[in-house]
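# Coordinate inspection notes
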Amino acid sequence: MPDYNFYDNVYDVVRLIPAGRVTSYGAIASYLGSKQSSRIVGYAMMACSNANPPVPAHRVVNRQGMLTGKFHFRGDTMEQLLQNEGIQVIDNQVQNFRELFWDPAIELDL
DNA sequence: TACTTGACAAAAG
DNA sequence: CCTTTTGCCAAGT
């Protein structure tokens, strides 16, 4: 059971993201220990649809606050989900991203 | 085992 | 602000 996979680690962090907040792939990767693994985080998100329980991938965006993976969603779009949590999204971009940013390395750790 | 792909990030023009 | 290039790591073929 203690099979520590990179994916599970990512899912765990993403699930800890509070509603109304967003984070970046790099922040998660950095929290896991390797900021350069940011791509792997996105890769894990691609398979998040197969994860149980499902992770709030809509709260994970790139460093620009842009909804890069909105096309990978099925049914509801990221903007819909984010706006439902009170996040303003315009042109596939999170407004006030700087304020809504949630860094696990700062919020969780320490 | 080697090559390709990818929901990224940072730097350069 | 935008596009292009480079690096980086894991998974799939």
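Residues numbered from 1 in each chain as written. Chains lettered and ligands numbered in written order. Predicted model: local features only at pLDDT ≥ 70, side-chain atom pairs only at ≥ 80, totals over all residues. Heavy atoms only, no water.

Looking up chain A in an unreviewed UniProt entry gives the name MGMT family protein, with the organism given as Mucilaginibacter segetis.

### Focus on a nonpolar patch on the surface
On the surface, Phe6, Ile40, Tyr43 and Met46 cluster together into a nonpolar patch covering about 390 Å² of accessible area. The dominant element in the nonpolar patch, judged by the number of residues it contributes, is helix H3 (residues 38–46), at 3 residues. Here tyrosine 43 lies in helix H3. A relative accessible area of 53% places tyrosine 43 in the exposed class. (Patch = residues over 30% accessible without salt bridge, like charges linked within 9 Å, V, L, I, M, F, W, Y side chains within 5 Å. Areas by Shrake-Rupley, 256 points an atom, 1.4 Å probe, with all protein chains shown as cover. Salt bridge = Lys/Arg side-chain N within 4 Å of Asp/Glu carboxyl O. Helix = DSSP H or I, 4+ residues; strand = E, 2+ residues; numbered from the N terminus. Buried < 20%, exposed > 50% of the residue type's maximum accessible area, 1.4 Å probe, protein only.)

### Things to note about the packing of helix H1 (residues 6–15) against H3
The geometry of a pair of packed helices is captured by two quantities: the angle between their axes and the separation between those axes. Running from N to C, H1 and H3 point in directions that differ by 85°, and their axes come no closer than 9 Å. The angle between H1 and H3 places the two elements in the roughly perpendicular class. Contact residues: Phe6, Tyr7, Val10, Tyr11 and Val14 in H1; Ile40, Val41, Tyr43, Ala44 and Met45 in H3. Broken down by class, the residue content of the contact of H1 with H3 amounts to 10 nonpolar, no polar and no charged. (Axes fitted to C-alpha atoms, helices over the stretch in contact; angles between N-to-C directions. Parallel < 35°, antiparallel > 145°, perpendicular 65-115°, else oblique. Contact = heavy atoms within 4.5 Å. Nonpolar A, V, L, I, M, F, W, Y, C, P; charged D, E, K, R; others polar.)

### Some remarks on the packing of aromatic side chains
Applying the stated criterion across every chain yields a total of 2 aromatic pairs. On the numbers, 6.2 Å between centres and 75° between planes, the contact of tyrosine 7 with tyrosine 11 is edge-to-face. Separated by 4 residues within a single helix, tyrosine 7 and tyrosine 11 lie in helix H1, roughly one turn from each other. Looking at tyrosine 11, the relative accessible area reads 5%, which means it is buried. Ring plane angle 70° and centroid distance 5.5 Å describe the contact between phenylalanine 97 and phenylalanine 101, whose orientation is recorded as edge-to-face. Among the residues examined, phenylalanine 97 registers a relative accessible area of 13% and is labelled buried. Among the residues examined, phenylalanine 101 registers a relative accessible area of 25% and is labelled partly exposed. (Phe/Tyr/Trp six-rings, centres within 6.5 Å; stacked < 30°, edge-to-face > 60°.)

### Observations regarding the pattern of salt bridges
Summed over all chains, the structure comprises 2 salt bridges. Salt-bridge contacts for glutamate 85 lead to arginine 59; the nearest nitrogen and oxygen are separated by 2.8 Å. Linking glutamate 85 in the loop between helix H4 (78–84) and strand S3 (89–90) with arginine 59 in the loop between H3 and strand S2 (60–61), this pair joins segments that are 26 residues apart in sequence.

### Side note on the layout of surface pockets
As a volume, the largest pocket reaches approximately 450 Å³. As for the largest pocket, its lining consists of 19 residues, and the residues nearest its centre are Met45, Cys48, Ser49, Ala57 and Phe73. Class assignment for the residues of the lining of the largest pocket results in 12 nonpolar, 6 polar and 1 charged. Looking at the second largest pocket, its volume works out to about 270 Å³. In terms of lining residues, the second largest pocket is bounded by 13 residues, among which Ser24, Gly26, Ala27, Arg63 and Phe101 are the most central. When residues of the lining of the second largest pocket are traced back to their parent elements, those giving at least two are helix H2 (25–32) and helix H5 (97–100). Looking at the lining of the second largest pocket element by element, the count peaks at 4 residues for H2. Across the lining of the second largest pocket, the residue classes tally to 4 nonpolar, 5 polar and 4 charged. (1 Å grid on protein atoms, 1.4 Å probe; cavity = no way out; pocket = protein on both sides within 12 Å on 5 of 7 lines; lining within 4 Å. Points joined across faces, edges and corners; volume = space filled by probe spheres on them.)

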